[in-house]
Each structure stands twice: as C-alpha cells, then as structure tokens.
Amino acid sequence: MVWAELNGEVVGGICYEYRPKVKTGWIILSFTDPKYRGQGLNRLLHDHMEQNIKELGGNRVCSYVSINNESRLKSAEKVGLKPQFYRMNKNL
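Quick look at the structure, then. (Residues numbered from 1 in each chain as written. Predicted model: local features only at pLDDT ≥ 70, side-chain atom pairs only at ≥ 80, totals over all residues. Heavy atoms only, no water.)

1. Observations regarding helix α2 (residues 70-78)
Moving on, step 1. When we look at burial in α2, the residues that qualify are Arg72, Ser75 and Ala76. Viewed end-on, α2 has its buried residues packed into an arc of 100°, placing them on one side of the element. Exposed residues on α2 whose side chains face more than 90 degrees from its buried face are Glu70, Lys74, Glu77 and Lys78.
Moving on, step 2. At its buried positions, α2 is contacted by β3 (24-32), α1 (41-55) and β4 (60-63).
Moving on, step 3. Positive backbone phi, approximately 95°, marks Gly80, located one or two places after α2. (Buried < 20%, exposed > 50% of the residue type's maximum accessible area, 1.4 Å probe, protein only. Helix = DSSP H or I, 4+ residues; strand = E, 2+ residues; numbered from the N terminus. Arc of directions from axis to C-beta. Contact = heavy atoms within 4.5 Å.)

2. Some thoughts on the pattern of salt bridges
Moving on, step 1. Evaluation of the coordinates by the stated rule reveals two salt bridges.
Moving on, step 2. The closest approach of N and O atoms between Lys35 and Glu9, which form a salt bridge, is 4.0 Å. Of this pair, Lys35 sits in the loop between β3 and α1 while Glu9 is found in strand β2 (residues 9-19), placing the two residues 26 residues apart along the sequence.
Moving on, step 3. Across the pair Glu17 and Arg19 runs a salt bridge, and its minimum N-O distance is 2.6 Å. (Salt bridge = Lys/Arg side-chain N within 4 Å of Asp/Glu carboxyl O.)

3. Digging into the pairing of β4
Moving on, step 1. The sheet contact formed by β3 and β4 spans four bridges and is parallel. Opposite Trp26, over in β4, you have Cys62 as the bridge partner.
Moving on, step 2. The β-α-β motif built from β3, the intervening α1 and the parallel element β4 has right-handed crossover chirality. (Pairing = 2+ DSSP bridges. Right-handed = clockwise from strand over helix to strand, strands pointing away.)

None of this, on its own, says anything about what the molecule does.
So, in structure tokens, the structure goes:
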C-alpha cells in the first residue's frame, strides 16, 4: 500500500497486490479525501505504486471499477488505465 499524509492525517492511498505469475499489480482500493481531490495526489500515489510493481518484475496494472463510480473512472483515465473488459453480472 502507498498513502499520503498531511499533518499526520491520511489523505489518500492505494491498496494493491502483486501477482508474480502474471506480472500484474492489481489495485484493490484507492481513495482520496474529498478535500484533496483534483490536486494530483492520486497521480503521485499511482506513480509510486507503478514503480514498486516494476521493481517486483511487473509489467502491467489492472483494476476493477464500478460503472457508477464516475470519480474513480476519471482518476483511472488520468493515470492511463483503459477499459479492457466489462464484467457481466446477474443476481439470482
């Protein structure tokens, strides 16, 4: 996990895991305090996460994002993440 603090308060972070067999980092959760959105914090954290994944031998980053999470879709696009698949679901 990478995170940012301001005066001892966590204001953003990215929790991820690395899967060595497929050389992929998977974002599990990302967040930015609403007071600090739009200031490039997510990009800074994303850059650190990518560097760590590269150091581990990885060559890509993946993430699931809800189609209803417009702010996350925008922040993912800003750091170069592009849709690859749509996950289909049917509740029974």
